[in-house]
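Here's the letter readout for the chains.
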Amino acid sequence: MRTACLMIALATFWAPSLYGELVFGKKLLEVRVPPDTDRLSVEFKFKVKGEHPVTITEYEAACSCLSAEISDGGKLTWQPGEKGVVKGNFKLGTFKGTIEKEIVLRILGQAHPERLKVRLHIPELFVIDPPTLFWDLNGDPKAQTFKVLVKHDRPIRIIDVAATNEQFDYELTTIKDGWEYQIVVTPKNVTTRAFGLLRIRNDCVFKKHRSAQAFMVVRTPKVKPIPK
């Protein structure tokens, strides 16, 4: 029995030597994205280390905004010393701020997958603070304010504001034309739960930054925890 256990242990110990190793120069890429960019590609370069080939059994990017591909026409088995690239292709859409996505590779003989991360820093040229206003159900229907700030090297002017729910009244005020605005929102009542948003259009030269949304919610009050 002890001999059998020893043989199993030795087989487990030596198993990794049957496979090569996929060595990446970087497993995290940080990219500062220009404001007019809608599509972006990044590359993770790798080399096969060791005396045996490496086989990629599966690769995926768990996000509709990101697709993955492997160089040499999607080759999955790589020989010792060969070099290749895992490419990530982004469709950025309306993403803004800092986002992090990853590509996952499962490799034959490797217990844990390789995780290749991309951290994108996408400029926010038109910032709404806070992004959501809240009122408590049956609470105080007092007015609250969205602050709108332009963080660009040229002015961006609001050209239209529209609400999706008539339960919320709103008023736009210009603090500094092209640079700073306020939108004061007052619910007509807070006797029922409600959700609405403001669609704010502006004249930014970059299409993806020409619209923004601000949210308004009448919600059930959060229950405060009982002190111990």
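Residues numbered from 1 in each chain as written. Predicted model: local features only at pLDDT ≥ 70, side-chain atom pairs only at ≥ 80, totals over all residues. Heavy atoms only, no water.

Draft legend 1. Seen up close, unusual backbone geometry. The omega angle of the peptide bond from aspartate 129 to proline 130 is -5°, so this bond is cis rather than trans. Looking at the element boundaries, proline 130 is found in the loop between β10 (126-129) and β11 (132-136). In this model, aspartate 72 sits at a positive phi of 60°, which is unusual for a non-glycine residue. By the secondary structure assignment, aspartate 72 is in helix α2 (residues 71-74). (Helix = DSSP H or I, 4+ residues; strand = E, 2+ residues; numbered from the N terminus.)

Draft legend 2. Structural view of the layout of surface pockets. Counted as a void, the largest pocket has a volume near 330 Å³. Together, Thr94, Phe95, Lys96, Glu124, Phe126, Val127, Ile128, Pro131, Ser211, Ala212, Gln213 and Phe215 line the largest pocket. Residue assignment for the lining of the largest pocket shows that the elements contributing at least two residues are β10 and β17 (211-219). Looking at which element gives the most residues to the lining of the largest pocket, the answer is β17, with four residues. Classifying every residue of the lining of the largest pocket gives seven nonpolar, three polar and two charged. (1 Å grid on protein atoms, 1.4 Å probe; cavity = no way out; pocket = protein on both sides within 12 Å on 5 of 7 lines; lining within 4 Å. Points joined across faces, edges and corners; volume = space filled by probe spheres on them. Nonpolar A, V, L, I, M, F, W, Y, C, P; charged D, E, K, R; others polar.)

Draft legend 3. Up close: the nonpolar core. One finds Leu22, Phe44, Val86 and Leu120 to be the most contacted residues of the largest nonpolar core, which totals 28 residues. Residue assignment for this core shows that the elements contributing at least two residues are β1 (21-24), β2 (28-32), β3 (39-49), β4 (54-61), β5 (66-70), β7 (83-91), β8 (97-107) and β9 (114-122). With five residues, the single largest contributor to this core is β3. In this structure, leucine 120 is in contact with Val31, Val33, Leu40, Phe90, Leu92, Gly97, Thr98 and Ile99, ignoring residues within four places of it in sequence. Judged by nonpolar contacts, the second largest core, of 25 residues, contains Phe126, Ile128, Ala194 and Met216. (Core = buried A, V, L, I, M, F, W, Y, C linked by side-chain atoms within 4.5 Å. Buried < 20%, exposed > 50% of the residue type's maximum accessible area, 1.4 Å probe, protein only. Contact = heavy atoms within 4.5 Å.)

Draft legend 4. Looking closely at the sheet that holds β7. Taken together, the four strands give an open sheet; going across it, the order is β1-β3-β7-β5, and neighbouring strands pair in antiparallel fashion. The open sheet has two edge strands with one neighbour each: β1 and β5. Direction aside, the axes of adjacent strands within the sheet are offset by 30° on average. Here nine bridges tie β3 to β7, and the two strands are oriented antiparallel to one another. Paired with leucine 40 across the strands is phenylalanine 90, a residue of β7. (Pairing = 2+ DSSP bridges. Axes fitted to C-alpha atoms, helices over the stretch in contact; angles between N-to-C directions.)

Draft legend 5. View of the packing of aromatic side chains. Tallying each qualifying case throughout the model produces four aromatic pairs. Taken together, Phe24, Phe46 and Trp78 form an aromatic cluster joined through their ring pairs. Residue placement shows lysine 75 over the ring face of tryptophan 78; its charged tip is 4.1 Å from the ring centre. When the ring centre of phenylalanine 134 is taken as origin, the NZ or CZ atom of arginine 219, which lies over that ring, is 4.2 Å away. (Phe/Tyr/Trp six-rings, centres within 6.5 Å; stacked < 30°, edge-to-face > 60°. Lys NZ or Arg CZ within 6 Å of the ring centre and 35° of its normal.)

Draft legend 6. Seen up close, the sheet that holds β10. Taken in spatial order, the four strands line up as β10-β12-β15-β14 in an open sheet, and their pairing is antiparallel. The open sheet has two edge strands with one neighbour each: β10 and β14 (168-176). For this sheet the average axis-to-axis angle between neighbouring strands, irrespective of direction, equals 20°. Both strand β12 (residues 144-150) and strand β15 (residues 180-187) contribute to a ladder of six bridges, which runs antiparallel. Directly across from threonine 145, in β15, lies its bridge partner valine 184.

Draft legend 7. Main features of the side chain of histidine 121. Tracing the sequence through the fold places histidine 121 in strand β9. A distance of 2.7 Å separates polar atoms of two side chains, one belonging to histidine 121 and the other to glutamate 30. Here the side chain of histidine 121 touches threonine 98 through a polar contact of 3.0 Å, side chain to side chain. (Polar contact = N/O pair within 3.5 Å; in protein donor to acceptor, adjacent residues only side chain to side chain.)

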